[in-house]
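Notes for the structure review
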Amino acid sequence: MGYYYYDYTYFLFMIPCLLLSLYCSSKVNSTFKKYSQVRNRKGLTGAQAAHNVLSAYGVTGVRIEPVSGNLTDHFDPRTNTIRLSESVYNSSSVAAVGVAAHEAGHAVQHAQGYVPNKIRSAIVPVASIGSKLSWIFIFIGLLLPVQFNFVVTIGIVFFSFSVLFALVTLPVEFNASKRALQTIEQTNMLYEEEYTGAKKTLTAAAMTYVAAAVTAIAQLLRLLLIFSRRR
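Summarised in this report is the structure supplied together with it. (Residues numbered from 1 in each chain as written. Predicted model: local features only at pLDDT ≥ 70, side-chain atom pairs only at ≥ 80, totals over all residues. Heavy atoms only, no water.)

1. Some words on the overall build of the protein chain
Helix and strand content of the protein chain: seven helices and three strands. Going residue by residue from the N terminus, the α and β elements of the protein chain occur as α-α-β-β-β-α-α-α-α-α. In terms of principal-axis extent, the alpha carbons of the protein chain reach across some 65 × 35 × 30 Å. If you take every contact in the protein chain between residues at least 6 apart in sequence, the share linking residues at least 24 apart comes to 76%. (Helix = DSSP H or I, 4+ residues; strand = E, 2+ residues; numbered from the N terminus. Contact = heavy atoms within 4.5 Å.)

2. Let's talk about helix α1 (residues 8–35)
For α1, spanning 28 residues, the distance from its first C-alpha to its last is 41 Å, which sits close to the expected 40 Å at 1.5 Å a residue. Approximately 35° is the largest bend angle found in α1, and it occurs at Met14, with the proline Pro16 only one to four residues beyond. Three or more residues of α1 are buried, namely Thr9, Phe13, Met14, Cys17, Cys24, Val28, Thr31, Phe32 and Tyr35. (Expected span 1.5 Å × (residues − 1). Bend = angle between axes of the 7 residues up to and from the residue. Buried < 20%, exposed > 50% of the residue type's maximum accessible area, 1.4 Å probe, protein only.)

3. Some points on the pattern of salt bridges
As a working rule, side chains carrying opposite charge can pair if their charged atoms are close by. Within the structure shown, the criterion is met by seven salt bridges. Where Asp76 meets Arg83, a salt bridge forms, and the shortest distance between an N and an O atom there is 3.0 Å. Ionic contacts of the salt-bridge type, sharing partners, join the residues Arg63, Glu65, Asp76, Arg78 and Arg83 into one network. (Salt bridge = Lys/Arg side-chain N within 4 Å of Asp/Glu carboxyl O.)

4. Concerning the sheet that holds strand β2 (residues 74–76)
With mixed pairing, the three strands of this open sheet are ordered in space as β1-β3-β2. Strands at the two margins of the open sheet, each flanked by one partner only, are β1 (63–67) and β2. Pairs of neighbouring strands in the sheet enclose a mean axial angle of 30°, with direction left out of account. Pairing analysis gives three bridges linking β2 to strand β3 (residues 81–85), with the strands arranged antiparallel. Bridge pairing in β3 places His74 opposite Arg83. (Pairing = 2+ DSSP bridges. Axes fitted to C-alpha atoms, helices over the stretch in contact; angles between N-to-C directions.)

5. Thoughts on unusual backbone geometry
A positive phi angle, near 55°, is found at Leu71, a position not held by glycine. Take Leu71: it is sitting in the loop between β1 and β2. Judged by relative accessible area, Leu71 falls into the partly exposed class, the value being 35%. Its identity is not glycine, yet Asn80 carries a phi of approximately 55°, on the positive side. Relative accessible area serves as the criterion here: at 22%, Asn80 is assigned to the partly exposed category.

6. Concerning the side chain of Arg179
Here Arg179 shows up in helix α6 (residues 149–186). Buried and without a salt bridge, Arg179 has Glu173 as its closest oppositely charged side chain, separated by 11 Å. Apart from residues no more than four positions distant in its own chain, Arg179 is found in contact with Tyr57, Gly105, Val108, Gln109, Gln112 and Tyr114. (Lys, Arg positive; Asp, Glu negative; His and termini not counted.)

7. Brief notes about a nonpolar patch on the surface
Taken together, the side chains of Ile136, Ile140, Leu144, Phe148, Phe150 and Ile154 define a hydrophobic patch exposed on the protein surface, amounting to about 500 Å² of accessible area. Elements represented by at least two residues in the nonpolar patch include exactly α5 (115–143) and α6. Position of Ile140 relative to the elements: it lies in helix α5. Its relative accessible area of 44% is what places Ile140 among the partly exposed residues. (Patch = residues over 30% accessible without salt bridge, like charges linked within 9 Å, V, L, I, M, F, W, Y side chains within 5 Å. Areas by Shrake-Rupley, 256 points an atom, 1.4 Å probe, with all protein chains shown as cover.)

8. Concerning the environment of Ala47
Here Ala47 is to be found in helix α2 (residues 46–56). On the basis of relative accessibility, which here comes to 13%, the residue Ala47 falls in the buried class. Once the C-alpha coordinates of Ala47 and Ala176 are considered, the two residues, 129 residues apart in sequence, prove to be 16 Å apart. When sequence neighbours within four positions are dropped, the list of residues in contact with Ala47 reads Ile64, Leu84, Val88 and Tyr89.

Structure representation (structure tokens):
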């Protein structure tokens, strides 16, 4: 068996995933940059858009505050806070409205007890620990004689939780965007051509999660293939 990083399975499984991830990352950055330069005609800021989504769903008690960085927007369920990056919070761009509405969609999920979101939150601790411990067990196991294959098995089980997290994340992200876009359209926050720009921004962002899930699955398949060859 070749070294983990240099056997043929790396080129079979990981190179395509790397290219997909690079494409999706480039796409989301270029799309956000494009529509961050397009101002919506109503002058609606990202913070206002987030507030409008919360109001549309009757969700209260959620703070909306700025956070430093670029594309660092997120909803923190621990403090029930939507944090919007500097390029979103006070910006009246089409991209800012889309991103802020998406994060508000996560806050609505949390308030309504959206099941996939609850599942993802529940497995966060296990997935976090698993992602850290999995490679330790896998690399040590691959260095040990085959009679210690159970060490690799433990590592693969730990890594499987990371794969599960990536898969559960998909419906959560898609649903948040769906809620955001529906509210933008139903409350006439943006004009039709502006709505299209917001939709393209969120679609590009969603593809990064698809790429992450595909990469996680490919990584797991690669580990299973390497492990089967050892047996």
